[in-house]
Amino acid sequence: MSAVLAPPPGTRVTASEGIRITLKSPGGVACSDGTDITFGSMVARPVADYATRRIGPGRACQEAGVYEYAVEGIGPGGGPDATAADGGSGARDLPTELRFMLEPGLRDGEDIPAPAGSYDQGTSALPSGTARTTSGGSGFNDAPATGHGVWRDELAPGETRFYRMPVDWGQQLLLDASLGGRTSGDGLRMTVFNPARGFVVDADAARPGRALALATAPVAFGNRTSGRNETGAMRFSGWYFVRLTRDRDSGGTGAAERVALRVAVTGAARPAPPYAGDPVAAGFGVTAADRRAAGTGLTARESDRRDTLRTVAFTAFGLGTALLIGLVAWTVLLRRSLARTAPGPSPWN
């Protein structure tokens, strides 16, 4: 279960302010390590992560019952008596989105697939060429689909944008970003989240002139057994999210500047693990429609609307064709009937 802390743009925050997520069993046992989510800078931006309950022998939290999922404010402004005078906004007063997802288990008798092995952590496979224009979303729910390719957007100081891209089993995500036509990512911060809104990895251009780039591990079911957080979070197939933030003091005139985001989804897609249920229906998986949407720059809502309109158009076309064929058949039958019932030549002529 995930929590997204979503402060309105311009909200006053501190770097250490945020929320703590915990999940406990009916007996009060922690199901996973507590997760602290902080803004990490003075820029107010949506931050997210999750707490999980994994089913398996020898693990805690296997019993049925009522579980406790808690979201607690932390840092300056995060306590129960905090106010804006404490230096933050009071995390408990900020909008928070909760999301529950239930991943199907593996079929009985199936072993957990192996985690991803060694992988290329370079960015040599990043694409080049003409950039396509997109407009990043304000959060996860309105993030546009920005698949493999070069994308162009604009970011003002203190602004954050979200993008999404489908990553299938066996595939990894390569990214880099630059600001204002420069080859570096000065003033930019980039973060990757998985389909369950879980934190994967981040990067920032802390040193002037440094390139802003990162590479994830390939998606593998067995990654959840890894001791490395950035590998363990690459455990689901589906829509991955990229958050780009521009620091307030990133230089320039203070106006919005062009940002270039290069996206590469590399590796051959592999079959899904032997799930006992439908992972796509649960929100974990990549479909042919997802791959088509990734090249459009549309948000999920816009993509669904276009698919609906396409379905309506095809249905209308099919009905129109059926009606036309029926009309032609009816006309032919009518003419034959008239021909059979028409009077013959008169014998008196």
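Residues numbered from 1 in each chain as written. Predicted model: local features only at pLDDT ≥ 70, side-chain atom pairs only at ≥ 80, totals over all residues. Heavy atoms only, no water.

Novice: Give a detailed account of the overall build of the protein, specifying residues and quantitative values.
Specialist: In terms of helices and strands, the protein carries 3 helices and 15 strands. Out of the 349 residues belonging to the protein, those deemed buried represent 44%. Sequence-distant contacts, at least 24 apart, represent 73% of the contacts inside the protein between residues at least 6 apart. Of the roughly 18,000 Å² of accessible surface on the protein, a fraction of 54% belongs to carbon and sulfur atoms. (Helix = DSSP H or I, 4+ residues; strand = E, 2+ residues; numbered from the N terminus. Buried < 20%, exposed > 50% of the residue type's maximum accessible area, 1.4 Å probe, protein only. Contact = heavy atoms within 4.5 Å. Areas by Shrake-Rupley, 256 points an atom, 1.4 Å probe, with all protein chains shown as cover.)

Novice: Give a description of the packing of aromatic side chains that names residues and reports values.
Specialist: Scanning all chains against the criterion turns up 7 aromatic pairs. Taken together, a centroid distance of 5.1 Å and an interplanar angle of 75° make the contact between Phe140 and Phe241 edge-to-face. Here Phe241 lies in strand 14 (residues 238-246) and Phe140 lies in the loop between strand 7 (132-133) and strand 8 (149-155), a separation of 101 residues in the sequence. The same class applies to Phe140 as to Phe241, namely buried. Here a set of aromatic residues connected by ring pairs shows up, and it is made of Phe140, Phe162, Phe193, Phe199 and Phe241. The ring of Trp239 carries the charged tip of Arg164 above its face, separated from the ring centre by 4.1 Å. Over the ring of Phe221 we find Arg224, and its NZ or CZ is 3.7 Å from the ring centre. (Phe/Tyr/Trp six-rings, centres within 6.5 Å; stacked < 30°, edge-to-face > 60°. Lys NZ or Arg CZ within 6 Å of the ring centre and 35° of its normal.)

Novice: Give me the pattern of salt bridges: which residues, what numbers.
Specialist: Taken as a whole, this structure holds 10 salt bridges when the rule is applied. The shortest N-O distance in the salt bridge between Glu110 and Arg107 comes to 3.8 Å. Among the residues examined, Glu110 registers a relative accessible area of 37% and is labelled partly exposed. The exposure class assigned to Arg107 is partly exposed, which follows from its relative accessible area of 42%. Note that Asp176 is salt-bridged to Arg262, the shortest N-O span being 2.7 Å. A residue pair is termed long-range when its members are at least 10 positions apart, and Asp176 in strand 10 (residues 172-179) and Arg262 in strand 15 (residues 257-266) qualify at 86 residues. By relative accessible area, which is 25% here, Arg262 ends up partly exposed. Salt bridges sharing common partners tie together Arg189, Asp204 and Asp247. (Salt bridge = Lys/Arg side-chain N within 4 Å of Asp/Glu carboxyl O.)

Novice: So what's going on with the nonpolar core? Which residues, and what values?
Specialist: In this structure, Leu173, Leu175, Met190, Val192, Tyr240, Leu244 and Leu261 are the most contacted members of the largest nonpolar core, which totals 38 residues. Of all the secondary structure elements, the ones that give two or more residues to this core are strand 8, strand 9 (160-167), strand 10, strand 11 (188-193), strand 12 (199-204), strand 13 (212-215), strand 14 and strand 15. Counting residues in each nonpolar core, the second largest holds 15 residues, with Leu5, Ile19, Phe39 and Ala44 among its members. (Core = buried A, V, L, I, M, F, W, Y, C linked by side-chain atoms within 4.5 Å.)

Novice: Residue-level account of the sheet that holds strand 15, with values.
Specialist: Taking strand neighbours across the sheet as the criterion, the 5 strands line up as 7-8-15-10-13 in an open arrangement whose pairing is mixed. Each of the sheet's edge strands pairs with one partner strand only, and the pair in question is strand 7 and strand 13. Bridge count between strand 10 and strand 15: 8 bridges; the pairing is antiparallel. For Leu175, the partnering residue across the bridge sits in strand 15 and is Val263. (Pairing = 2+ DSSP bridges.)

Novice: Hey, could you go over the environment of Phe236 for me, with residue numbers and the actual values?
Specialist: Along the chain, Phe236 falls in the loop between helix 1 (229-232) and strand 14. By relative accessible area, Phe236 is classed as buried at 5%. Considered as a pair, Phe236 and Asn223 are 13 residues apart in the sequence and their alpha carbons are 9.0 Å apart. Leaving out residues up to four positions away in the same chain, Phe236 has contacts with Tyr50, Glu103, Trp169, Asn194, Pro195, Ala196, Val219, Arg224 and Phe284.

Novice: Mind laying out the state of the cysteines, listing which residues take part and the relevant values?
Specialist: Evaluated as defined, the whole model comprises 1 disulfide. Here Cys31 connects covalently by a disulfide to Cys61, the sulfurs 2.1 Å from one another. Between Cys31 and Cys61 the sulfur-sulfur dihedral comes to about -95°; the bridge is accordingly left-handed. Taken as a pair, Cys31 in the loop between strand 2 (18-24) and strand 3 (35-38) and Cys61 in the loop between strand 4 (47-50) and strand 5 (68-74) lie far apart in primary sequence, 30 residues in all. Of the two residues examined, Cys31 and Cys61, each falls in the buried class. (Disulfide = S-S within 2.5 Å.)

Novice: Any chance you could break down the confidence of the model for the protein for me, citing the residues and the numbers?
Specialist: On average, residues of the protein carry a pLDDT of 82, and 78% of them reach 70 or more. Of the regions scoring below 50 in pLDDT, residues 305-317 engages in 2 contacts with residues more than four places distant in sequence or in other chains. This model gives residues 344-349 a pLDDT under 50, and the stretch forms 0 contacts once residues within four places in sequence are excluded. (pLDDT = per-residue confidence, 0-100.)

Novice: Describe the environment of Pro274, and please don't skip the residues or the numbers.
Specialist: Among the structural elements, Pro274 can be located in the loop between strand 15 and helix 2 (288-293). With relative accessibility at 17%, the residue Pro274 sits in the buried group. For Pro274 and Glu110, which are 164 residues apart along the polypeptide, the C-alpha to C-alpha distance reads 7.1 Å. Every residue in contact with Pro274, bar those within four places of it in the chain, is listed here: Leu106, Arg107 and Glu110.

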